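Structural overview for review
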Amino acid sequence: MRSEHSPTPSRRALLRVVGSSMIGTTIEWYDFFLYGSAAALVFNKAFFPVADSLSGTLLAFSSFAVGFVFRPLGGLVFGHFGDRLGRKKLLVISLLAMGASTFAIGLLPTYATIGVAAPLLLTFLRVVQGFALGGEWGGAVLMVSEHTEATRRGFWTSWPQAGVPTGNLLATAVLALLAAVQSQQAFLAWGWRIPFLLSGLLVLVGLWIRLSVSESPVFLEAASRAARRGTPEQPPIVRVLRHQWRAVLIASGARFVENVSYYVITVFVLTYVTDQLDLREDVALRAVLIASLAHFVVIPLWGALSDRFGRRGVYLFGAVGTGVWAFVFFPLLDTGALSMITLGVTGGLVLHGAMYGPQAAFMSELFGTRVRYSGASIGYQLASVVAGGLAPTVATGLLAAFDSWVPIAVYLALGAVLTSVAILFASETSGSSLRSDTTDAAPTSA
């Protein structure tokens, strides 16, 4: 692979771009994960009240999954306009949409107040969240990858990825704090609304920072070349699916166990610990809180290692390790000890980081500039529907059907096999140039 030799922005400008993308993704993922945590702890009671608590949780997780269904649509729409109009404009829109929907959830009346309209409105706002998040990831990581030299792209693009555990950390920390200082009755009555309403303030901060950065120079160069050619271009989605469909499949396959494992480890664990092990909510929340700190630390380390040793090797280590760890994770939870539960969640997220750290650079390097936002977003978000979106529901259903963690571990192991196959079909992309308008087939191994 040839390296890029074009001028790169100053370190100060690069840090501003990285900080902007990371803060934006932190806020967006705070909003998105807040819903997942609330679905496990609150929404099953406040919006989906049924006699059986596990059935209520299944309904709440189903509304959680709806957000994932609309993420590919968001990726398609934001990707199309991001490839046509630029990365920055679409990132501002996604942040505003996510913040407004999350703030509105904090104001929603519950089932006890307005009946069936409550879960319907909640689900609609979840749809808006999913649509906005579908456009966020691709734009955020591309803003960084297209401002960075090839030799350190894995490290720098891992920082927007670190916004995921940071957002989860914030969401879990706020919920854990409220659960600790409030009675369960007060928390269920009104306390859960506070984290959703706080999103409004976070969005204002993120918007101010995001508006201060410059557009991607790689995109501007490609747009200028396209304008000079003067020939009409097909829509980016058409070019991606016609010329780079292999890259889309590889990106989606690479996402599978990464996405499944994350939501089993951080969302389903709340249900498993509280309903199956009959422990207090704050036990699982504290474990996820500590593990998210470790996750935040290791993601940039794995990204840097992918610059040195290549994307494929680091990613494969994470996928295989996750499949093995699934059979360690649940026995650690079953001890009922906070230390062992924390070890189980932390080990899972460290291995997850080996996939998530190199992921942004890897997916950016699969696509040409004029279709990169569309291709990376679609590949990334398609897997979210059948992987992360369904993971808590599938895990809860398997637990209800078999009353055992073993089928859930097998589910994770099979996902690890699928992801490993996808990575093996890809060629090494580390060090490749992003200044290409071509939409040739994705790099694949012989």
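Everything discussed here concerns the structure shown above.
Since we're looking at a predicted model, the values are computed, not measured.

Moving on, we come to the overall build of the chain. Tallying secondary structure elements over the chain gives 18 helices and 0 strands in all. Computed over the C-alpha atoms, the radius of gyration of the chain is 21 Å, within 12% of the 22 Å expected from 2.2 N^0.38 for a compact globule of 446 residues. Summarising its shape, the C-alpha atoms of the chain cover approximately 65 × 40 × 40 Å along the three principal directions. A buried classification covers 60% of the 446 residues belonging to the chain. Expressed as a percentage of contacts within the chain between residues at least 6 apart in sequence, the contacts between residues at least 24 apart total 86%. Looking at the chain as shown, the accessible area adds up to about 15900 Å², and 71% of this sits on carbon and sulfur atoms.

All right, on to the layout of surface pockets then. What the second largest pocket holds in volume is close to 180 Å³. Lining the second largest pocket are Leu41, Lys45, Ala179, Gln182, Ser183, Gln184, Phe187, Leu188, Arg280, Glu281 and Asp282. When contributions to the lining of the second largest pocket are tallied by element, the ones reaching two or more residues are α1 (11–46), α8 (184–191) and α13 (281–309). A per-element tally of the lining of the second largest pocket places α8 first, with 3 residues. Split into classes, the residues belonging to the lining of the second largest pocket amount to 4 nonpolar, 3 polar and 4 charged.

Moving on: the packing of aromatic side chains. Evaluation of the coordinates by the stated rule reveals 14 aromatic pairs. The interplanar angle of 80° and the centroid separation of 5.8 Å between the aromatic rings of tryptophan 192 and phenylalanine 196 together place this pair among those described as edge-to-face. Residue phenylalanine 196 is classed as buried on the basis of its relative accessible area, which comes to 0%. When the centroid spacing of 6.0 Å and the interplanar angle of 50° are considered together, the rings of phenylalanine 268 and tyrosine 272 count as tilted. Placement of both phenylalanine 268 and tyrosine 272 in helix α12 (residues 245–276) is noted, with a separation of 4 residues, approximately one turn of the helix. A single burial state applies to phenylalanine 268 and to tyrosine 272, both of which are buried. Of the aromatic side chains, those joined through ring pairs into one cluster are Phe268, Tyr272, Phe329, Phe330 and Trp405. If you follow arginine 255 out to its NZ or CZ, it ends over the ring of tyrosine 380, 3.5 Å from the centre.

What follows deals with α12. A bend of about 50° at phenylalanine 268 is the largest found in α12. α12 sits mainly inside the fold: 27 of its 32 residues count as buried. With its phi angle positive at about 60°, aspartate 278 sits one or two positions after the end of α12.

Before going further, it helps to examine the environment of valine 116. When you line up the elements, valine 116 lands in the loop between α5 (111–114) and α6 (117–145). The exposed category is assigned to valine 116, whose relative accessible area is 56%. Considering only alpha carbons, one finds valine 116 and phenylalanine 47, 69 residues apart in sequence, at a separation of 8.3 Å.

In this fold, arginine 152 is placed in the loop between α6 and α7 (153–181). Distance from arginine 152 to arginine 308, taken between C-alpha atoms, is 8.8 Å for residues 156 residues apart in sequence.

This part takes up the nonpolar core. One broad trend across soluble globular proteins is that nonpolar side chains are buried collectively. One finds Trp29, Phe43, Phe47, Tyr263, Val264, Phe330 and Val345 to be the most contacted residues of the largest nonpolar core, which totals 98 residues. Sorting elements by how many residues they give to this core places α12 first, with 18 residues. Residues in contact with phenylalanine 47, not counting those within four places in the same chain, are Leu108, Pro109, Thr110, Tyr111, Ala118, Pro119, Leu122 and Trp192. Membership of the second largest hydrophobic core comes to 14 residues, among which are Leu14, Leu90, Ala140 and Phe155.

A few words now on the pattern of salt bridges. Any two side chains of opposite charge can pair, on the condition that their charged atoms come close. Applying the stated criterion across every chain, the model contains 7 salt bridges. The partner of glutamate 258 in a salt bridge is arginine 255, with the nearest N and O atoms 2.7 Å apart. One end of the pair is glutamate 258 and the other is arginine 255, both in helix α12 and 3 residues apart, which spans about a single turn. Arginine 255 shares its class with glutamate 258; the two are buried. Connected through shared salt-bridge partners, Asp83, Arg87, Glu146 and Arg372 make up one network.

With respect to the helices, strands and loops of the structure, glutamate 136 is situated in helix α6. Classification of glutamate 136 by relative accessible area gives buried; the value is 0%. Within the structure, the side chain of glutamate 136 is placed 3.0 Å from the side chain of serine 94, a separation counted as a polar contact. Filtering out sequence-adjacent residues up to four positions away, glutamate 136 remains in contact with Gly24, Thr25, Glu28, Leu91, Ser94 and Arg210.

Before going further, it helps to examine the packing of helix α4 (residues 87–105) against α6. It is the contact of α4 with α6, at a shortest axis distance of 8 Å, that shows an interaxial angle of 150°. Comparing the axis directions of α4 and α6 gives the class roughly antiparallel. Note on packing geometry: the crossing formed by α4 with α6 is left-handed. Contacts from Arg87, Lys88, Leu91, Ser94, Ala97, Met98, Ser101, Thr102, Ala104 and Ile105 of α4 reach α6 at Leu122, Leu125, Val128, Gln129, Ala132, Leu133, Gly135, Glu136, Gly139, Ala140, Leu142 and Met143. In the contact of α4 with α6, the residues fall into 13 nonpolar, 6 polar and 3 charged.

Here we take up helix α17 (residues 391–402). For α17, which comprises 12 residues, the first-to-last C-alpha distance of 16 Å matches the rise-based estimate of 16 Å (1.5 Å per residue) to within 8%. Every buried residue of α17 is listed here: Ala391, Pro392, Ala395, Thr396, Leu398 and Leu399. Considered in projection along α17, the buried side chains sweep an arc of 160° and stay on one side of the axis. Where α17 terminates, the next one or two residues include aspartate 403, which has phi positive at roughly 50°.

Definitions and limits used
- Residues numbered from 1 in each chain as written.
- Predicted model: local features only at pLDDT ≥ 70, side-chain atom pairs only at ≥ 80, totals over all residues.
- Heavy atoms only, no water.
- Helix = DSSP H or I, 4+ residues; strand = E, 2+ residues; numbered from the N terminus.
- Rg over C-alpha atoms; globule rule 2.2 N^0.38 Å.
- Buried < 20%, exposed > 50% of the residue type's maximum accessible area, 1.4 Å probe, protein only.
- Contact = heavy atoms within 4.5 Å.
- Areas by Shrake-Rupley, 256 points an atom, 1.4 Å probe, with all protein chains shown as cover.
- 1 Å grid on protein atoms, 1.4 Å probe; cavity = no way out; pocket = protein on both sides within 12 Å on 5 of 7 lines; lining within 4 Å.
- Points joined across faces, edges and corners; volume = space filled by probe spheres on them.
- Nonpolar A, V, L, I, M, F, W, Y, C, P; charged D, E, K, R; others polar.
- Phe/Tyr/Trp six-rings, centres within 6.5 Å; stacked < 30°, edge-to-face > 60°.
- Lys NZ or Arg CZ within 6 Å of the ring centre and 35° of its normal.
- Bend = angle between axes of the 7 residues up to and from the residue.
- Core = buried A, V, L, I, M, F, W, Y, C linked by side-chain atoms within 4.5 Å.
- Salt bridge = Lys/Arg side-chain N within 4 Å of Asp/Glu carboxyl O.
- Polar contact = N/O pair within 3.5 Å; in protein donor to acceptor, adjacent residues only side chain to side chain.
- Axes fitted to C-alpha atoms, helices over the stretch in contact; angles between N-to-C directions.
- Parallel < 35°, antiparallel > 145°, perpendicular 65-115°, else oblique.
- Left-handed = near helix turned anticlockwise from the far one by under 90°.
- Expected span 1.5 Å × (residues − 1).
- Arc of directions from axis to C-beta.

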